[in-house]
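Structural characterization, general
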Amino acid sequence: MKKQFLEAGKIVGTHGLKGEMRIDPWCDSPEFLCRLKRLYLSDGTEWKISSAKVHKNIAIIQFSHIKDVEEASLQRGKIVFMNREDVSLPEGRCFIQDLIGLEVVDADNGTVYGTITEVLKTGANDVYQVTKDQKDYYVPVIADVVIEKDIDGGVVKIRPMKGIFDDED
């Protein structure tokens, strides 16, 4: 089942004296985070964003109810969440958190390889860490290997490259 609220980043510090906060984005980019109109805390409290800008790889966000650096500094270390309904993803894209826990199966013969336990960002392409019987395997997320992602069905169908799951060679 898809989570309604997804981890979006972590408050890592303050910026200036008027209560702006530096947020390390856990999404595609700080620009993505800056396009949101509101964020949430783990208890469901909604924080409205009054301004947002990008500084290097960090989002600088001012929340409407935070007025000074002292109040902002008390928020350091908190995780902020986004509501999935506030975002529309392009066709074929999904949230990483929706992939975690999906079963990975062979697209041709139905062999179950394990479940996705992590998505690694390598630069060229993502890599799924697939775990079965406490052993990790690494599946490149490329068109020749990942055939279908069925988030609602809880499965990712693949055609594995030689050597990913067999220990020989």
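What counts, and at which threshold
- Residues numbered from 1 in each chain as written.
- Predicted model: local features only at pLDDT ≥ 70, side-chain atom pairs only at ≥ 80, totals over all residues.
- Heavy atoms only, no water.
- Helix = DSSP H or I, 4+ residues; strand = E, 2+ residues; numbered from the N terminus.
- Buried < 20%, exposed > 50% of the residue type's maximum accessible area, 1.4 Å probe, protein only.
- Contact = heavy atoms within 4.5 Å.
- Areas by Shrake-Rupley, 256 points an atom, 1.4 Å probe, with all protein chains shown as cover.
- Salt bridge = Lys/Arg side-chain N within 4 Å of Asp/Glu carboxyl O.
- 1 Å grid on protein atoms, 1.4 Å probe; cavity = no way out; pocket = protein on both sides within 12 Å on 5 of 7 lines; lining within 4 Å.
- Points joined across faces, edges and corners; volume = space filled by probe spheres on them.
- Nonpolar A, V, L, I, M, F, W, Y, C, P; charged D, E, K, R; others polar.
- pLDDT = per-residue confidence, 0-100.
- Core = buried A, V, L, I, M, F, W, Y, C linked by side-chain atoms within 4.5 Å.
- Pairing = 2+ DSSP bridges.
- Axes fitted to C-alpha atoms, helices over the stretch in contact; angles between N-to-C directions.
- Phe/Tyr/Trp six-rings, centres within 6.5 Å; stacked < 30°, edge-to-face > 60°.

**A closer look at the overall build of the protein**
- A count of helical and extended segments in the protein gives three helices and 12 strands.
- In terms of overall dimensions, the protein has a C-alpha envelope of 60 × 30 × 25 Å along the principal axes.
- Buried residues in the protein amount to 38% of all 169 residues.
- The long-range share in the protein, meaning contacts at least 24 apart out of those at least 6 apart in sequence, stands at 50%.
- Looking at the protein as shown, the accessible area adds up to about 10100 Å², and 48% of this sits on carbon and sulfur atoms.

**Overview of the environment of K135**
- Relative to the assigned elements, K135 resides in strand β10 (residues 135-140).
- With 21 residues separating them along the chain, K135 and G114 place their C-alpha atoms 9.2 Å apart.

**A look at the pattern of salt bridges**
- Tallied over the entire structure, the rule returns seven salt bridges.
- The residue R38 makes a salt bridge to E46 at a minimum N-O spacing of 3.7 Å.
- Overall, the relative accessible area of 26% leaves R38 in the partly exposed class.
- Look at E46 and you get partly exposed, because its relative accessible area is 33%.
- With a closest N to O distance of 3.8 Å, E148 and K157 form a salt bridge.

**Focus: the layout of surface pockets**
- Considered as a void within the structure, the largest pocket measures approximately 760 Å³ in volume.
- In this structure, the largest pocket is lined by 30 residues; those nearest its centre are C27, D28, C94, F95 and I96.
- Sorting the residues of the lining of the largest pocket by element identifies β1 (5-15), β6 (79-83), α3 (96-99), β8 (112-121) and β9 (126-132) as the ones contributing at least two each.
- In terms of residue class, the lining of the largest pocket is built from 18 nonpolar, three polar and nine charged.

**Observations concerning the confidence of the model for the protein**
- Of the residues in the protein, 98% reach a pLDDT of 70 or more, and the chain-wide mean stands at 91.
- Looking across the protein, the model is least confident in α3, with a mean pLDDT of 89, and most confident in strand β3 (residues 38-40), with 97.

**With respect to the nonpolar core**
- If you look at the biggest cluster of nonpolar residues, it comprises 22 residues, and the most contacted ones within it are I23, L33, L39, I61, F63 and M82.
- Only β1, β2 (20-25), α1 (30-34), β4 (46-55), β5 (58-63) and β6 provide two or more residues apiece to this core.
- Beyond its immediate stretch of four places on either side in the chain, M82 contacts Q4, F5, L6, A8, F32, L36, L39, Y40, V87 and F95.

**Description of the sheet that holds strand β7 (residues 103-106)**
- The strand order β10-β9-β8-β7-β12-β11 describes an open sheet built from six strands, whose pairing is mixed. Only two strands of the sheet have a single partner each, and these edge strands are β10 and β11 (146-150). Along the sheet, successive strands turn relative to each other by an average axial angle of 35 degrees, direction set aside.
- Alignment of β8 against β9, held across six bridges, turns out to be antiparallel. Pairing of K121 across the sheet is with D126, part of β9.

**Things to note about the packing of aromatic side chains**
- Overall, the coordinates contain four aromatic pairs when judged by the stated rule.
- Ring geometry for Y137 and F165: centres 4.9 Å apart, planes at 45 degrees, overall tilted. In this pair, Y137 sits in strand β10 while F165 sits in the segment after β12 (155-158), placing the two residues 28 residues apart along the sequence. Across the pair, F165 and Y137 agree in class, each one buried.
- Members of the aromatic cluster, each reached through a chain of ring pairs, are Y113, Y137 and F165.

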